[in-house]
Amino acid sequence: MGPLLEARAISRNFGGVQALDRVDLTVNAGEVLGLIGPNGAGKTTLFNVICGLPPTAGHVLFKGEDITGLAPDQICRRGIARTFQLTRPFAALSVRDNVAAAVLFGRNPRQIRSLDDARRAADPILSSVQLDGRKEAPAADLLFSERRRLELARALATGPELLLLDEVMAGLTVAETQEIVEILSALRRELSLTVLVIEHVMKVVMTVCDRIVVLNYGEKLAEGTPDLVAGHRAVIDAYLGVAGA
Ligand SMILES: Nc1ncnc2c1ncn2[C@@H]1O[C@H](COP(=O)(O)OP(=O)(O)OP(=O)(O)O)[C@@H](O)[C@H]1O
Ligand SMILES: [Mg+2]
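Remember, predicted model here, so these are calculated numbers, not experimental data. (Residues numbered from 1 in each chain as written. Chains lettered and ligands numbered in written order. Predicted model: local features only at pLDDT ≥ 70, side-chain atom pairs only at ≥ 80, totals over all residues.)

## Comments concerning the environment of Asn28
- Structurally, the position occupied by Asn28 is in strand E2 (residues 17-28).
- Look at Asn28 and you get partly exposed, because 15 C-beta atoms sit within 10 Å. (Helix = DSSP H or I, 4+ residues; strand = E, 2+ residues; numbered from the N terminus. Buried ≥ 20, exposed ≤ 12 C-beta atoms within 10 Å, placed from the backbone.)

## Overview of the domain arrangement of the protein chain
- According to the domain assignment, the protein chain consists of domain 1 (1-79 + 160-245) and domain 2 (88-159).
- Taken over C-alpha atoms, the centre of domain 1 sits 24 Å from the centre of domain 2.
- Taken together, the 13 residues of domain 1 in the interface contact 14 residues of domain 2.
- Residue classes in the side of domain 1 that touches domain 2 are distributed as nine nonpolar, two polar and two charged. (Domains from an automatic or database assignment. Contact = placed C-beta atoms within 7 Å. Nonpolar A, V, L, I, M, F, W, Y, C, P; charged D, E, K, R; others polar.)

## Thoughts on the sheet that holds strand E3 (residues 32-36)
- Taken in spatial order, the six strands make up an open sheet running E6-E7-E8-E3-E9-E10, and their pairing is mixed. Here the strands that pair on one side only, and so sit at the sheet edges, are strand E6 (80-82) and strand E10 (219-224). Averaged over all neighbouring strand pairs, the angle between strand axes comes to 15°, with direction disregarded.
- For E3 and strand E9 (residues 211-216), the ladder comprises four bridges, and the chain directions are parallel. (Pairing = 2+ DSSP bridges. Axes fitted to C-alpha atoms, helices over the stretch in contact; angles between N-to-C directions.)

## A look at the site of ligand 1
- Surrounding ligand 1, one finds Phe14, Val17, Ala19, Gly37, Asn39, Gly40, Ala41, Gly42, Lys43, Thr44 and Thr45.
- Of all the secondary structure elements, the ones that give two or more residues to the shell around ligand 1 are E2 and helix H1 (43-50).
- Ranked by residues supplied to the shell around ligand 1, first place goes to H1 with three residues.
- Looking at the shell around ligand 1 residue by residue, the classes come out as four nonpolar, six polar and one charged. (Near = placed C-beta within 6 Å.)

This is the structure we're talking about:
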């Protein structure tokens, strides 16, 4: 299958900081691509550029169309959804209504005519992330690990073809991490999603990803299968030697 997303020669400066330096990234339809690298490498900035942050230079193509710098709602309607490193649900709304809001914001405005329709559409999504039991709770009452799954549900609710996950497992216990890994593999099977995932837990990256791209100081350091990347000298020096587990 061909590329779903292509980021071409992306550079992004913040004042004097070069967060990204001519980074090329291709995400093929159906794959799970891991994006790794030390803190400050530019991983989240690359997500932001894919989601509409204007790059200093370069282009983002989705299904062959230039989407560089588009507004968040336009990016969403084309089929790209993301999670945020810091989750910010509508705290006072129920878990179910948080997901319903994302359904309304997303790609099916014609079939979804009312808030009730959106709530009904939210239910299977909540089951898929194992939050059925917490539907009526205000989002503010969720445990840390449940908030992560809500964040995932809200992204899924917009009906993406490409899902961008920014450290959805950070700070979770081994059991909670395993739970998300299982949720992701089920989603991948059922929805034929393409996933771009930023993750620090190397064990997860190595088992979940088909391919890995390594960023370091805003530059692409290496790219390849998990085995290839894990054996790459520069990657070990820059990253795995320090953060590897
Ligand atoms: N809005 C911003 N304004 C100024 N500098 C920024 C901004 N966003 C990112 N940066 C800088 O760009 C560089 C890359 O940051 P980025 O958040 O993309 O890294 P990261 O790889 O996601 O790191 P982490 O693993 O810590 O999440 C850092 O030096 C960061 O301080
Ligand atoms: Mg980040």
